[in-house]
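# Topology and contacts: notes
Now for the letters of each chain:
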Amino acid sequence: MYIGLGIRKKVKDLQQRFQAPGLTVAAKAFKPTPQVSGPDLPYWPVITATNPTELQLFRWGLLSPDTRPEQVQSTPLRRLHLPTEEVLKRTFSNQPLEQGQRCLVLADCFYIHRHEGKNRVLYQISLRYNQLFALAGIFQIWEQDTQIIPTFTLLTTPANSLLAFLNNKYQRMPVIIDPEAEPLWNSALPFSDPAIQSLLHPFDPAQLKAERLTHTEQLSLFD
């Protein structure tokens, strides 16, 4: 399943919106990025539960602890998104789930494909008034020898009515965290806590808008 992310705002806007005055050296260099996807292996803005007031850049895609250093650039070895059902059953990776390594993945839009016959049509999804928002993520610090790579994956949930129509092949969507629940998601509560589990639900479709992108607009995203 394809999921793309976009941020069209500046770093200072991210800091203000998410009350993150701290900024790593890498995060200072982040520029507005209209669209990336997991296979690009991008470094992307996140705010972690362990550093809730600092904006950091983590690489998209969890790596298995036994991944060898020469394999870290291999997309197939990465977990780009994870169904919430696996989180609740704890069937994926005990390390991040048991340690409660949650993070907010920042964006102001995301992208999804609708399958129409043999064609795939790209849609841009954003909040109604183009505000920044946070997606539910899990982070993990992969380390072997002298290599250290901070990584994250997105959590997905069964789609709401809008995304079920657009993502008609898989009928999934990323988990959008309500702004007032962001501190709770980045709290120390375990995944098994009912308060955390209650956040893993489809977002209200009335608060979202979808834009079908033309072929020219799709191409321009990759310029």
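Preceding block: the structure.
Note that the structure is a prediction, hence the values are computed from the model and not measured.

Scoring rules and cut-offs
Residues numbered from 1 in each chain as written. Predicted model: local features only at pLDDT ≥ 70, side-chain atom pairs only at ≥ 80, totals over all residues. Heavy atoms only, no water. Pairing = 2+ DSSP bridges. Helix = DSSP H or I, 4+ residues; strand = E, 2+ residues; numbered from the N terminus. Axes fitted to C-alpha atoms, helices over the stretch in contact; angles between N-to-C directions. Salt bridge = Lys/Arg side-chain N within 4 Å of Asp/Glu carboxyl O. Buried < 20%, exposed > 50% of the residue type's maximum accessible area, 1.4 Å probe, protein only. Phe/Tyr/Trp six-rings, centres within 6.5 Å; stacked < 30°, edge-to-face > 60°. Lys NZ or Arg CZ within 6 Å of the ring centre and 35° of its normal.

We now examine the sheet that holds strand β16 (residues 208-212). One open sheet accounts for five strands, arranged β3-β1-β10-β11-β16; its pairing is antiparallel. Of all the strands in the sheet, just β3 (33-37) and β16 have a single pairing partner and so form its edges. Within the sheet, the average angular offset between the axes of one strand and its neighbour, ignoring direction, is 30°. Bridge analysis of strand β1 (residues 3-7) against strand β10 (residues 109-116) gives four bridges, and the strand direction is antiparallel.

Here we come to unusual backbone geometry. Unlike most non-glycine residues, Q19 shows phi in positive territory, near 50°. Here Q19 lies in the loop between α1 (11-17) and β2 (22-23). Even without a glycine there, the phi angle at Q171 is positive, about 55°.

Moving on to the pattern of salt bridges. Across all of its chains, the model carries eight salt bridges by this definition. The partner of R8 in a salt bridge is D108, with the nearest N and O atoms 3.2 Å apart. One end of the pair, R8, is in the loop between β1 and α1; the other, D108, is in the loop between β9 (102-107) and β10, with 100 residues separating them in the sequence. The buried category is assigned to D108, whose relative accessible area is 0%. Salt bridges sharing partners connect three or more residues here, namely R8, K9 and D108.

Right, let's talk about the packing of aromatic side chains for a bit. Within the structure shown, the criterion is met by five aromatic pairs. Here F30 and W44 contribute two aromatic rings whose centre-to-centre distance is 5.4 Å and whose plane-to-plane angle is 85°, an arrangement assigned as edge-to-face. In this pair, F30 sits in the loop between α2 (25-28) and β3 while W44 sits in strand β4 (residues 43-48), placing the two residues 14 residues apart along the sequence. Like W44, F30 is buried. Ring centres 5.9 Å apart and planes at 15° place the aromatic pair W60 and F152 in the stacked group. Placement of the pair is W60 in strand β5 (residues 54-60) and F152 in strand β13 (residues 147-158), with a sequence separation of 92 residues. For F152, a relative accessible area of 0% gives the class buried. We note R102 situated over the ring of W185; from NZ or CZ to the ring centre the distance is 5.3 Å. Sitting above the plane of the F191 ring, R102 keeps its charged end 5.1 Å from the centroid.

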